[in-house]
Amino acid sequence: MTMDAMGAQDTGAMLDPEEIRVLAVLAEKEALTPDNYPLSVNAIVNGCNQLSSRDPIMQFTDEMVQDTLQRLIEKKLVSAISQAGARVPKYEHRMRIKWTLEQDKVAVLAVLMLRGLQTAGEIRTRTGRLHEFRSVAEVEAVLQFLIDKYPPLVARLDRAPGTKEPRYGHLLGGELPAYEAPAAGATAGGGSGGRVGQLEQEVATLRGELDELKAQFEAFRQQFQ
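Note that the coordinates shown come from a computational prediction; the quantities given were computed from them, not determined experimentally. (Residues numbered from 1 in each chain as written. Predicted model: local features only at pLDDT ≥ 70, side-chain atom pairs only at ≥ 80, totals over all residues. Heavy atoms only, no water.)

**Overview of the overall build of the protein**
For the record, the criterion: Each helix is a run of DSSP H or I of at least 4 residues and each strand a run of E of at least 2, with the numbering of both proceeding from the N terminus. Residue exposure (1.4 Å probe, protein chains only): buried if accessible area is under 20% of the type maximum, exposed if over 50%, otherwise partly exposed. By definition, residues are in contact when any of their heavy atoms lie within 4.5 Å. Areas reported as accessible are Shrake-Rupley estimates using a 1.4 Å probe. Residue values count occlusion only from the protein chains shown.
Looking only at helices and strands, the protein features eight helices and four strands. Reading the protein from its N terminus to its C terminus gives the helix and strand order α-α-α-β-β-α-α-α-α-β-β-α. Scored against the burial criterion, the 225 residues of the protein give a buried share of 42%. Partitioning the intrachain contacts of the protein with sequence separation of at least 6 by distance along the chain shows that 59% fall at a separation of at least 24. Element-wise, carbon and sulfur atoms account for 52% of the exposed surface of the protein, whose accessible area totals about 12,100 Å².

**Examining the packing of aromatic side chains**
When we look at a pair of aromatic rings, we describe it by the centre distance and by the angle of the planes. Rules: Classification of ring pairs uses Phe, Tyr and Trp, with its six-membered ring standing for Trp, and accepts pairs whose centres are within 6.5 Å; under 30 degrees between planes counts as stacked, over 60 as edge-to-face, and the remaining range as tilted. By definition, being over a ring means that NZ of Lys or CZ of Arg is both within 6 Å of the ring centre and within 35 degrees of the ring normal.
The full count for this structure, using the stated rule, is zero aromatic pairs. Between the NZ or CZ atom of Lys105 and the centre of the ring of Phe145, over which it lies, the distance is 4.7 Å.

**A short note on the side chain of Thr127**
Of note, Thr127 is situated in the loop between helix H6 (120–126) and helix H7 (136–148). Given a relative accessible area of 0%, Thr127 falls into the buried group. With residues near it in sequence (within four places) discarded, Thr127 still touches Ala107, Val108, Val111 and Phe133.

**Focus: the nonpolar core**
Note the cut-off: The set of buried Ala, Val, Leu, Ile, Met, Phe, Trp, Tyr and Cys residues whose side-chain atoms join them within 4.5 Å is what this entry labels a nonpolar core.
Core analysis: the biggest nonpolar cluster contains 45 residues, and Leu23, Ile44, Leu69, Trp99 and Leu143 have the highest contact counts within it. Elements represented by at least two residues in this core include exactly helix H1 (17–32), helix H2 (41–48), helix H3 (62–74), helix H4 (95–99), helix H5 (103–115), H6 and H7. Every residue in contact with Trp99, bar those within four places of it in the chain, is listed here: Leu23, Leu77, Leu109, Lys149, Leu153 and Leu172. Ranked by size, the runner-up nonpolar core spans five residues in total, among them Leu117, Ala155, Leu157 and Leu171.

**Describing the pattern of salt bridges**
How we decide: Any Lys or Arg side-chain nitrogen located within 4 Å of an Asp or Glu carboxyl oxygen qualifies as a salt bridge.
This model, assessed by the stated rule, comprises 10 salt bridges. Between Arg71 and Glu19 there is a salt bridge; the shortest N-O distance is 2.8 Å. Of the two residues, Arg71 sits in helix H3 while Glu19 sits in helix H1, which places them 52 residues apart along the sequence. For Glu122, the salt bridge identified is with Arg167, shortest N-O distance 3.8 Å. Within this pair, whereas Glu122 is found in helix H6, its partner Arg167 is found in the loop between strand S3 (154–156) and strand S4 (168–170), the two being separated by 45 residues in sequence. A relative accessible area of 12% means that Arg167 is categorised as buried. Residues participating in the shared-partner salt-bridge network are Asp16, Glu19, Arg71 and Lys75.

**Some thoughts on the packing of H2 against H3**
Formally: What counts as an axis is a line fitted to C-alpha atoms, over the stretch in contact for a helix, and the angles between N-to-C directions run from 0 to 180 degrees. Each angle receives one of four descriptions, namely roughly parallel if under 35 degrees, roughly antiparallel if over 145, roughly perpendicular if within 65 to 115, and oblique otherwise. Nonpolar residues are Ala, Val, Leu, Ile, Met, Phe, Trp, Tyr, Cys and Pro. Charged residues are Asp, Glu, Lys and Arg, and all others, Gly as well, are polar.
Running from N to C, H2 and H3 point in directions that differ by 105°, and their axes come no closer than 9 Å. When the axes of H2 and H3 are compared, the pair comes out roughly perpendicular. Residues Val41, Ile44 and Val45 of H2 form the contact with H3, whose own contacting residues are Asp62, Val65, Gln66 and Leu69. A breakdown of the residues in the contact of H2 with H3 according to their chemical character gives five nonpolar, one polar and one charged.

**Description of the confidence of the model for the protein**
Heads up, the condition is: The predictor attaches a confidence to each residue, and that confidence, scored 0 to 100, is pLDDT.
Of all residues in the protein, 76% have pLDDT values of 70 or greater, and the mean over the chain is 85. The low-confidence segment residues 1–12 (pLDDT under 50) makes 28 contacts with residues lying over four places distant or belonging to another chain.

What follows is the structure in structure tokens.
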């Protein structure tokens, strides 16, 4: 691990995995479904329990989300919003205010919070709907900004054996874990293996879009309850 990752203990009050997931879902849905943002507890549960674009997969209940939101409110990372005519409270994240971040930084941090250790290239691909980066270099500039903040929000790992690029991770939950490369058979790029990998990625993208549509419909339905 590089010195970039050694600042983990200085990030102040650490977040637990539930807090990280809820906060990241709020940031993600703000960009993906702005018409339905801020989010209700039910919409946050759906976002946390998505099977696509999540690593690790987690299972939340309404009670878990409500408890997590209360902790995040106490840490001034989330605000509860009472909207005129709304029957349930809505919630919004305060990452921009808390850490003085623009949308490109929020997008990168949210993807790291949702999907774990990633290369700059992977981050660029996965942030496309949150913020459009024109190049990997732009992503690397944002990552360096997040690394250079005090306390740092992101750290860079040294390249693992057999990998070509360094990976990055957020420090909101403490020090980064070591990266474990997938088995060689799982990363084969040629022949049917590469085609299967491409199809799996396309299916994951479609599932993510379906989950978002479900969340939008549920939010719309709740307006008439």
